[in-house]
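# What the coordinates show
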Amino acid sequence: MHTQDKLTDKQLSEEQSREIAETIREELARRRISRQALAEQAKLSLSTLEKVLGGRRPFTLATTVRLEQALGVSLRKSTVAVTPPAANDVAPDSLGSYAHRAVTWLEDVYITLRPSFGDKDAIFAYRTEIAWEPKVSSLVFREGDRTDAAYEHTGEVAVPHQSGFIYLVIIKHGQHRVITVSRPTVAGEMYGIISTLRAGPGSQLTPIAAPIAYVPLRNIPKPSLGRVAPDDGNYVLYRKHLRRTVDEAFALFLPA
């Protein structure tokens, strides 16, 4: 047997196998895909997958690599390097080490909704596009159609499989803006919290946090953008999406 064959046939330890099986079960549940679908994507027999997930057979390195490539995530903890599905197709570890093909379901144009920071009765709405950027080998987001165009941002998208949440992050001159949202619902919406700074008179800045919602553009036939007042035709729908963030506990705001 060749050296390469011996390497890929190497059996992982019982502890490693147990940890990998647990991670795979979590990924299957989170993504709502069947074991049969995963087995086909990883080019494994369903019987083999069932046995390793059930602890009746240890994982081999070859099986683990195939499953990592199919899921686009690392299943091993500092044992051996992950084999990427393709060059420049895996995000850096700081963003979650996700493969492009594992996050294509996030690529879309969204209407972004949050409370207006200047008018307590209004909702601020603008477009956000999430797309893969080969130059940085990760998902990025780009804001547009904001009435305050000077504050339009472009940033990185982190998708760590451990937490199950998505982070839209901007770091500019040491300043941070972080948006934490849930994975998309069946209809593609994402809900969460924006943590940023509110601009006040002169150079005054105040830390602020608020609910935020990302609704696929296709879900809103005639979207309203900018500062949306209560008399706007989309106001009730927009308010419903923002209330869902709290009502369905996608995010919590604790009293002081």
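This one's a predicted model, so the numbers in the text were calculated from it and none came from an experiment.

What follows covers the packing of helix α2 (residues 14-31) against helix α5 (residues 61-71). Relative to each other, α2 and α5 sit at 25 degrees, their axes nearing to 12 Å. Relative to α5, α2 is oriented roughly parallel. Both α2 and α5 take part in a crossing whose hand is left-handed. Contacts from I20, I24, E27 and R31 in α2 reach T64, L67 and L71 in α5. For the contact of α2 with α5, the residue count by class is four nonpolar, one polar and two charged.

Within the largest apolar cluster, 25 residues are counted, with the highest numbers of intra-cluster contacts made by Y98, L139, V157 and L168. When residues of this core are traced back to their parent elements, those giving at least two are β2 (123-133), β3 (138-144), β4 (154-158), β5 (165-172), β6 (175-182), β7 (190-199) and β8 (205-216). Counting residues per element, this core draws most heavily on β2, at four residues. Once residues within four sequence positions are removed from consideration, Y98 is found in contact with G72, D89, V90, A91, V103, W132, S138, L139, V157, A158 and V159.

What follows deals with unusual backbone geometry. The backbone of S137 shows a phi angle near 55 degrees, a positive value even though the residue is not glycine. Within the element layout of this structure, S137 appears in the loop between β2 and β3. Relative accessible area serves as the criterion here: at 11%, S137 is assigned to the buried category. Here the phi dihedral of A249 falls at roughly 55 degrees; this positive angle occurs in a residue that is not glycine. Within the secondary structure, A249 is located in the segment after α6 (235-247).

Right, let's get into the side chain of T196. Assignment of secondary structure puts T196 in strand β7. When residues no more than four places from it in sequence are discounted, the contact partners of T196 are F117, R177, T206, P207 and I208.

Pairing of β3 with β4 involves three bridges; the strand directions are antiparallel. Note on β4: the bridge partner recorded for F141 is G155. With three bridges connecting them, β4 and β5 associate as antiparallel partners. Residue pairing across strands places V157 opposite L168, the latter belonging to β5. The hairpin turn running from β4 into β5, its antiparallel successor, is six residues long, and G164 in that turn takes a positive phi close to 80 degrees.

Scanning all chains against the criterion turns up eight salt bridges. Of the charged contacts in the structure, one is a salt bridge between R218 and D108, with a shortest N-O distance of 2.3 Å. With a gap of 110 residues between them, R218 in the loop between β8 and β9 (226-228) and D108 in strand β1 (residues 108-115) connect regions that are remote in the sequence. Residue R218 is classed as exposed on the basis of its relative accessible area of 59%. R244 is the salt-bridge partner of E248, the closest N and O atoms lying 2.9 Å from each other. A relative accessible area of 25% means that R244 is categorised as partly exposed. Where salt bridges share partners, they join E189, R244 and E248 into one cluster.

One way to put it is that helix α3 (residues 35-42) packs onto α5 with a least axis distance of 8 Å and a crossing angle of 105 degrees. In this view, α3 runs roughly perpendicular relative to α5, as classed from their interaxial angle. Within the contact between the two elements, α3 uses L38, Q41 and A42 and α5 uses R66, L67, A70 and L71. Of the residues in the contact of α3 with α5, the class split is five nonpolar, one polar and one charged.

The rules behind the values
Residues numbered from 1 in each chain as written. Predicted model: local features only at pLDDT ≥ 70, side-chain atom pairs only at ≥ 80, totals over all residues. Heavy atoms only, no water. Axes fitted to C-alpha atoms, helices over the stretch in contact; angles between N-to-C directions. Helix = DSSP H or I, 4+ residues; strand = E, 2+ residues; numbered from the N terminus. Parallel < 35°, antiparallel > 145°, perpendicular 65-115°, else oblique. Left-handed = near helix turned anticlockwise from the far one by under 90°. Contact = heavy atoms within 4.5 Å. Nonpolar A, V, L, I, M, F, W, Y, C, P; charged D, E, K, R; others polar. Core = buried A, V, L, I, M, F, W, Y, C linked by side-chain atoms within 4.5 Å. Buried < 20%, exposed > 50% of the residue type's maximum accessible area, 1.4 Å probe, protein only. Pairing = 2+ DSSP bridges. Salt bridge = Lys/Arg side-chain N within 4 Å of Asp/Glu carboxyl O.

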